[in-house]
Amino acid sequence: MNHQWQQISGGITAPRGFQAAGITAGLKLSGNPDLALLLAPAGAACAGTFTTNQMRAGCVDLCAQRLQQNQGSARAVLINSGQANACTGDLGLIDSLRATKALADQLGLIEEEVLICSTGVIGVPIPMDLLLAGINSLVDSLAASPAAAIAAAAAILTTDLVDKTIAIEAQLGDQIVRLGGMAKGSGMIHPDMATMLAFVSCDAGLPPAEWQAMLHRVVDESFNAITVDGDVSTNDCLLAFAAGPQLAERYWPDLEAGLSKLCEYLARAITRDGEGATCVIEVVVEGTETNNQARQIARTVCGSSLVKTAIHGRDPNWGRIVAAAGRAGVPFKPDAVQLWIGPHKLLDNGQPLDFDRAAVGLYLQEKETGIYLETDQVDIHLVVGSGSGAGRGWGCDLSAEYVSINADYTT
């Protein structure tokens, strides 16, 4: 059997039965698209993971409550961009309920089958007259086409510079199974849901509880392994829909491998599009007692402002890397540490090595002009002992442009 997942076109609508739409409803002063919709087939299972920020938006609470109430099922999600509708008091939940009811009525669904996600400036409510006026046009635009997938992916963006979308397929037994995904995220990105919105579609059926457990495992090694700036958002949400012929249990591990591939791509795309970023940073850690410990070190290194600024300056200042690893809260012996940047080994058994600084600097410089998500990644490899634990994390460099973008964000 060929269980190799291959990338295909079609984005979030590549899986059979899924429709999407994206329009400009006037929610953004820029005039850019700002309202999106994803519609799943009847009987869809829906899994979700959400921000751990205690100041989370009312729409996040509503999604979590409805998925629990419906035992892991939903049909549609409405996404508005421009206003986070977080920290707006009771209005946040009230407006989320108004929006989902209006959409449910238009789609002929019960209200509890409709979810909502919001993204944008915290403390700003949704202009509900504009959103509600856009519902009819949004529903009329629904289609199971690549163009509809592109429109939806564009309508969920905020400070993002590029759309983040992917679709893959594989032959699992007698089924050709497809997975689609789209995401947004550029700033306020950090683990514990890794600050972003993401949506997944799958045209294979499986029990909601298993789909939810699968998503949790995948998120830990993808979206929860990235950081841009160390800030966890109020609105993080990942919703994954699965609807189609039931997939035999023996192929569930293969489906999970595909879901992992798709989520890892979207997670890396978010870090690459980090505000002001010029490259991706991947940190691979080995030699810990557990995989979780390795991921903890990797995330700490990725989140270090000193590491991120050194990478941006193409400065092989490796001491910042090991210093960050040392404060990650994971015990290891300093005299066991080995470190590589790209193919260049800089530290062996805790001892610094002579290395060609110009060559390492050139390696770092080449990543700035590398091919998107192919050759624009700085690879950092740390071995901290002889344990069997291993893990990865992703981040991006930190530039002056990041400061400029966020200093002027609301003014």
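Higher on the page you've got the structure.
Residue numbers run consecutively from 1 along every chain, following the written order of its sequence. Under the rules for a predicted model, residues below a pLDDT of 70 receive no local features and side-chain atom pairs below 80 are neither given nor counted, while totals for whole chains, interfaces and linings still include all residues. The side-chain numbers reported here are obtained from all heavy atoms of the structure, hydrogens and water having been left aside.

Peer 1: So what exactly am I meant to see when it comes to the nonpolar core here?
Peer 2: Side chains that are nonpolar tend, in soluble globular proteins, to be buried together. To form a nonpolar core, buried Ala, Val, Leu, Ile, Met, Phe, Trp, Tyr and Cys residues must be joined to one another through side-chain atoms within 4.5 Å. Note on exposure labels: buried denotes an accessible area under 20% of the residue type's maximum, exposed denotes more than 50%, and partly exposed covers the range between, all computed with a 1.4 Å probe on protein chains only. Within the largest apolar cluster, 57 residues are counted, with the highest numbers of intra-cluster contacts made by Phe199 and Leu239. Look past the residues within four positions of Leu239 in its chain and what remains in contact with it is Cys46, Ala47, Gly48, Phe50, Cys63, Leu67, Val77, Leu115, Cys117, Ala198, Phe199 and Val200. Counting residues in each nonpolar core, the second largest holds 41 residues, with Ala183, Met214, Leu215 and Cys263 among its members. Contacts are assigned to residue pairs with any non-hydrogen atoms lying within 4.5 Å of each other.

Peer 1: What am I meant to see in the pattern of salt bridges here?
Peer 2: Opposite charge on two side chains permits them to pair, given that their charged atoms come into close proximity. Here, a salt bridge means any side-chain nitrogen of Lys or Arg that lies within 4 Å of a carboxyl oxygen of Asp or Glu. Summed over all chains, the structure comprises 18 salt bridges. A salt bridge links Arg217 to Glu210; its shortest N-O distance comes to 3.4 Å. Between Asp315 and Arg357 there is a salt bridge, with the nearest N and O atoms lying 3.6 Å from each other. One end of the pair, Asp315, is in the loop between helix 8 (305–312) and helix 9 (319–326); the other, Arg357, is in helix 10 (residues 357–368), with 42 residues separating them in the sequence. The exposure class of Asp315 is partly exposed, given its relative accessible area of 32%. Salt bridges here are not isolated pairs; linked through shared partners, they connect Asp160, Lys164 and Asp273. Numbered from the N terminus, helices here are DSSP runs of H or I no shorter than four residues, and strands are runs of E no shorter than two.

Peer 1: How do you make sense of the sheet that holds strand 9 (residues 197–202) when you look at a structure like this?
Peer 2: Think of a sheet as strands paired side by side through backbone hydrogen bonds, with each pair either parallel or antiparallel. Any two strands are treated as partners once DSSP identifies two or more bridges connecting them. Within the open sheet, the six strands sit side by side as 1-7-8-9-10-4. Their pairing is mixed. Because the sheet does not close on itself, it has two edges, and the strands there are strand 1 (6–8) and strand 4 (45–50). Across this sheet, the average inter-strand angle for adjacent strands is 20°, counted without regard to direction. Pairing geometry for strand 8 (residues 175–184) and strand 9, over six bridges, is antiparallel. In the sheet register, Gly180 faces strand 9, and the bridge partner there is Ser201. Fitted lines through C-alpha atoms give the axes, limited to the stretch in contact for helices. The angle between two N-to-C directions lies from 0 to 180 degrees. Strand contacts of helix 1 (residues 58–69): strand 4 and strand 10 (237–242), with the helix running at about 140° to strand 4, the strand carrying the most contacts.

Peer 1: Would you mind showing me how to read the sheet that holds strand 6 (residues 114–121) here?
Peer 2: Taken in spatial order, the four strands line up as 2-3-5-6 in an open sheet, and their pairing is mixed. Looking along the sheet, the strands with just one partner apiece sit at the ends: strand 2 (19–23) and strand 6. Going from strand to strand, the sheet's axes swing by 10° on average, the running direction of each strand aside. The pairing of strand 3 (residues 35–39) with strand 5 (residues 76–83) spans five bridges and is antiparallel. Bridged to Ala36 within strand 5 is Ile79. On top of the sheet, helix 2 (residues 91–107) reaches strand 3, strand 5 and strand 6; it is set at about 135° to strand 6, its chief contact. Strands strand 2, strand 3 and strand 5 of the sheet are contacted by helix 4 (residues 146–155), whose axis makes an angle of about 50° with strand 2.

Peer 1: I would appreciate a short explanation of the packing of helix 2 against helix 3 (residues 128–140) in the present structure.
Peer 2: Between two packed helices, both the angle of their axes relative to each other and the distance between the axes serve to describe the pair. Where helix 2 contacts helix 3, the axes come no closer than 10 Å and their chain directions differ by 25°. Our classification of the angle between helix 2 and helix 3 gives roughly parallel. Of the two possible hands of crossing, helix 2 and helix 3 adopt the one that is right-handed. Here helix 2 contributes Asp95, Arg98, Ala99, Ala102, Leu103, Gln106 and Leu107 to the contact with helix 3, which in turn contributes Met128, Leu131, Leu132, Ile135, Asn136 and Val139. Residue classes follow a fixed rule: Ala, Val, Leu, Ile, Met, Phe, Trp, Tyr, Cys and Pro count as nonpolar, while Asp, Glu, Lys and Arg count as charged, and any other residue, Gly among them, counts as polar. Here the contact of helix 2 with helix 3 is composed, by residue class, of nine nonpolar, two polar and two charged. These descriptions rest on fixed angle ranges, namely under 35 degrees for roughly parallel, over 145 for roughly antiparallel, 65 to 115 for roughly perpendicular, and the rest for oblique. By convention the crossing between two helices is left-handed if the near helix lies anticlockwise of the far one by an angle smaller than a right angle, and right-handed if it lies clockwise.

Peer 1: Hey, could you run me through unusual backbone geometry in this one?
Peer 2: Keep in mind that most residues, glycine aside, have a negative phi and that most peptide bonds are trans. If you check the backbone angles, Asn85 has positive phi at about 55° while not being a glycine. Checked against the element boundaries, Asn85 lands in the loop between strand 5 and helix 2. Owing to a relative accessible area of 1%, Asn85 belongs among the buried residues under this scheme. For Cys87, which is not glycine, the phi dihedral falls at a positive 60°. Along the chain, Cys87 falls in the loop between strand 5 and helix 2.

Peer 1: Any chance you could explain a nonpolar patch on the surface here in plain terms?
Peer 2: Patch criteria: residues need more than 30% relative accessible area and no salt bridge. Like-charged residues are merged within 9 Å; nonpolar side chains of Val, Leu, Ile, Met, Phe, Trp and Tyr are merged within 5 Å. Per-residue and other accessible areas follow the Shrake-Rupley method at a 1.4 Å probe size, with only the shown protein chains counted as cover for residues. On the surface, Leu161, Val162, Ile371 and Tyr372 cluster together to form a nonpolar patch covering roughly 390 Å² of accessible area. Tracing the backbone shows Tyr372 in the loop between helix 10 and strand 15 (377–383).

Peer 1: So what exactly am I meant to see when it comes to the environment of Ala14 here?
Peer 2: Take Ala14: it is sitting in the loop between strand 1 and strand 2. Look at Ala14 and you get buried, because its relative accessible area is 9%. For the pair formed by Ala14 and Ser201, sequence separation is 187 residues and the distance between their alpha carbons is 8.3 Å. Leave out the neighbours within four places in its chain, and Ala14 touches Ile8, Ser9, Ala167 and Arg178.

Peer 1: Quick question: what am I supposed to make of the pairing of strand 4 here?
Peer 2: Every regular strand shows the same layout, with side chains that alternate between the two sheet faces. Taken across its six residues, strand 4 has six buried, putting it largely inside the fold. Burial along strand 4 is two-sided: Ala45, Ala47 and Thr49 facing one way and Cys46, Gly48 and Phe50 facing the other are all buried. Here six bridges tie strand 4 to strand 10, and the two strands are oriented antiparallel to one another. For Ala45, the partnering residue across the bridge sits in strand 10 and is Ala242.

Peer 1: Would you explain helix 4 in this entry?
Peer 2: Because each turn of an α-helix spans 3.6 residues, side chains separated by three or four positions in sequence point in the same direction. Turning to helix 4, its buried residues are Ala148, Ala149, Ala152, Ala153 and Ala155. For helix 4, the buried positions fall inside an angular range of 165° around the axis, keeping them on one side. The exposed residues of helix 4 that point more than 90 degrees off its buried face are Ala147 and Ile150. Among the structural elements, strand 2, strand 3, strand 5, strand 7 (164–172) and strand 8 are those in contact with the buried residues of helix 4. Directions drawn from the helix axis to the C-beta atoms are what define this arc.

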